[in-house]
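Spelled out from the first residue to the last, the chains are:
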Amino acid sequence: MSDYLDRLNPEQRASVETIDGPLLVLAGAGTGKTRVLTTRFAHILLTGRARPHQVLAVTFTNKAAKEMRERVADLLGGPVEGLWLGTFHALAARMLRRHCDLVGLKSDFTILDADDQVRLLKQLMEARHLDTKRWAPAGLMGIIQRWKDKGLPPARIGAAEDSDYADGKALDLYRAYQARLLELNAADFGDLLLFAAEILRTHPEILASYHRLFRYILVDEYQDTNLVQYYWLRLLAQAEKNICCVGDDDQSIYSWRGAEVENILRFEKDFPGAKLVRLERNYRSTAPILAAASGLIAHNAGRLGKTLQSGKKDASGEKLQVLAVNDQDQEAREVVERIARYRNAGDSYDQMVILVRTGAQMRAFEERLILSGTPYRVVGGARFYERAEIRDALAYLRILNQPADDLAFERIVNLPRRGIGDGALQTLRDGARGQSIPLFLSARRAVDAGSLKGKARDSLAKLLLGFDRWRATLARDGHVIAAAEMLDESGYMPMWLEDKTPEAAGRVDNLKELVRAMAEFESLGAFLEHVALVMERDAAEGEARVSLMTLHAAKGLEFDIVFLPGWEEGLFPNQRAVDENGNKGLEEERRLAYVGITRARKHAMISYASTRRIYGTMQDSVPSQFLDELPEDQIERIGLPRVQQRQPWRDDFAWSGSVAAVAPRAPQARKFKVGARVFHQKFGMGTVVGVDHDKLDIAFDHSDTKRLMDRFVEVA
DNA sequence: AGGTTAGTAATTTTT
DNA sequence: TTACTAACCT
């Protein structure tokens, strides 16, 4: 009965058996965090302390939720129904659908994705005649998201939180954006949490009903929670206080998405009497890898403090290699050569990964991998449901589900080309705004009233008739048949079938896959909900491949062999992260480095180049300060060009000795003042006429005044 | 209405 | 370097 407890080490066991009251489990990388969470869940059920639906279990990713669900099922001997187990967003959406009338939404509200959000906001900005080149809609969207991350609806934003972005119109646009979402019966990701928390905050009787329901709360990756998620949890936990949060402050790498490490650092204050357990026995990596990672992360201040110990019987292993190369092409060549060597020695490609700081680094590796015929996969990047053809097809489906979905309507009304251009669309928009009706209805009236003519009228009439027909098919034959019929008759699928470009065939396959996937859902609404919240792509199994991904995407994964290229000042730690957030930014970069190293089970190789091509121009680079922070006795420096030639075109920098042995520090913090003379690669000499954080307004001698990032110019 | 070209800027992205 | 967008021709 309790043999599942015997498989745990003492700390893990304490984490599982400390059931009542608040508990924080600080789980270092590779210390069995998921095992603790799932065992604790099962333990609560098996000891009869709660029924399955009385436990709230929250994760960040669908993948983590899925894994927890499966492992709990394993422990219990079969799948369990009625669990409140899912991502923050999925669980908040589930709550919100129950109480949506309280915030002015209907229960079939649409969940917008990032692309829809920005398009909508851009429309609102254009309606206010804001220059969307100067004020990027995506930038303003970021500000709105941060507000939502903090649990602030427009009404609760005071002067302290307000932004001067977009000529001080940010708050006004936030208000307009929220109003427009309600008109569209839509919510964005941030709203799910924001509204869920607001409802709990302002309706004590609803909050009390959840207090009666949830006896235990489990939270994964607590270091990544933002403020609104924290409020939501705290409200739900304030009655029973049986909340268990698992996390690792050293792996907090999403502050730029609104995550607040402070949430985990503050846990014991928030929940008086909280117990704390540290999981420090690592079962993943060799001793040198652990020692190197620990040595690096020790340079961060303000940690809860944790030292990874090896929990493996034989943790001996080789030192981390630190490779110096001349440029990114050589770096890619060296890495891919080593991949081949490991493979020849019997390692599987599946167990090798290249972890980069930025997407731009991937190209060099991809080229080299292709050239050498090494199978690889890029993890992350464009997901299935983010592909253009899938989003187009989904727009059709959304209109079928909810004709008032104006964003979807705009996306596909002229796709494939139907001769409905900007002029015709503007007529429809004017009609919709004038009569306060959705675009779809406005289109119908425009056709009937003859306010459009010619080709636009004819093809729009045909499209509207089509939707009537497809809706009838939906009612009669179900969503799968209706979808197939719609994609075909609307001309969307034929458009790709006739397309002769190389990627068209893949798009057709994706569309077929989409229709196939719909069969697993009861209704069109259920399918669309899944797509909005559970944007997971089925991991294509099959041939073993090397993985290529960003460091962020690697969190939670592990590999035998890990390559960590691009450890250069400016790139990693990333200049922008440091510019924007100072020492906090630098510490987050260091945590990212820590995450990278701790992904490795057996081998890790870090590399850096003395020259790198950035935006087409060659730039000298300096080894990352993180290299100096690695314990020297745990690393082996290889491949160094003993004497680095002094670059003749850079007089201001003299190499002292070998690149690898002496790591020069990064220069000066960038400080520009109004009036400073600066040089830009492309625009030449200019004078600074305005400073806004890291952005400078520069009057160029031979061009206009432009707004540029300060790191693209240098002091003249 | 739609394809072409020139200008411009440039992290990370769990949901 | 590339990717994206807005202005520009047909």
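Let me begin by describing the structure that accompanies this report. (Residues numbered from 1 in each chain as written. Chains lettered and ligands numbered in written order. Predicted model: local features only at pLDDT ≥ 70, side-chain atom pairs only at ≥ 80, totals over all residues. Heavy atoms only, no water.)

### Overview of helix H23 (residues 479-489)
Line of reasoning, step 1. Along H23, the positions that sit buried rather than exposed are His479, Ala482, Ala483, Glu485, Met486 and Leu487.
Line of reasoning, step 2. Its buried side turned inward, H23 meets helix H18 (388-401), helix H22 (454-477), helix H24 (492-498), helix H25 (504-518) and helix H26 (524-533).
Line of reasoning, step 3. After H23 finishes, the residue Gly491 shows a positive phi value of roughly 90°. (Buried < 20%, exposed > 50% of the residue type's maximum accessible area, 1.4 Å probe, protein only. Helix = DSSP H or I, 4+ residues; strand = E, 2+ residues; numbered from the N terminus. Contact = heavy atoms within 4.5 Å.)

### Some remarks on the sheet that holds strand E11 (residues 320-325)
Line of reasoning, step 1. Taken together, seven strands build an open sheet; the order of strands is E13-E14-E12-E15-E16-E11-E19 and the sheet is parallel. On the outer flanks of this sheet lie strand E13 (376-378) and strand E19 (635-638), each paired with one strand and no other. Ignoring which end each strand starts from, the neighbouring axes of this sheet average 20° apart.
Line of reasoning, step 2. Packing of helix H15 (residues 287-297) onto the sheet brings it into contact with E11 and strand E16 (600-609), and relative to E16 it is tilted by some 50°. (Pairing = 2+ DSSP bridges. Axes fitted to C-alpha atoms, helices over the stretch in contact; angles between N-to-C directions.)

### Here we look at the side chain of Thr374
Line of reasoning, step 1. Along the polypeptide, Thr374 turns up in the loop between helix H17 (362-372) and E13.
Line of reasoning, step 2. On the accessibility criterion, Thr374 (11% relative accessible area) is buried.
Line of reasoning, step 3. A distance of 2.7 Å separates a polar atom in the side chain of Thr374 from a polar atom in the side chain of Ser372.
Line of reasoning, step 4. Aside from chain neighbours lying at most four places away, what touches Thr374 is Val336, Ile339, Tyr349, Leu369 and Val546. (Polar contact = N/O pair within 3.5 Å; in protein donor to acceptor, adjacent residues only side chain to side chain.)

### Quick notes on the pattern of salt bridges
Line of reasoning, step 1. Counted by the stated rule, this structure contains 55 salt bridges.
Line of reasoning, step 2. With a shortest N-O distance of 3.4 Å, Asp6 and Arg13 are connected by a salt bridge.
Line of reasoning, step 3. On the basis of relative accessibility, which here comes to 28%, the residue Arg13 falls in the partly exposed class.
Line of reasoning, step 4. Residues Lys306 and Asp250 are paired through a salt bridge, measuring 3.0 Å at the closest nitrogen-oxygen approach. Of the two residues, Lys306 is situated in the loop between H15 and strand E10 (309-310) and Asp250 in the loop between strand E7 (243-247) and helix H13 (262-265); the sequence distance between them amounts to 56 residues. (Salt bridge = Lys/Arg side-chain N within 4 Å of Asp/Glu carboxyl O.)

### Structural notes on the side chain of Asn574
Line of reasoning, step 1. The residue Asn574 is located in the loop between strand E15 (559-564) and helix H27 (575-597) in this model.
Line of reasoning, step 2. You can call Asn574 buried: its relative accessible area is 16%.
Line of reasoning, step 3. For Asn574, the side chain forms a polar contact with the main-chain nitrogen of Arg576, separated by 3.0 Å.
Line of reasoning, step 4. With near-sequence residues (within four places) excluded, Asn574 lies in contact with Arg357, Thr358 and Glu589.

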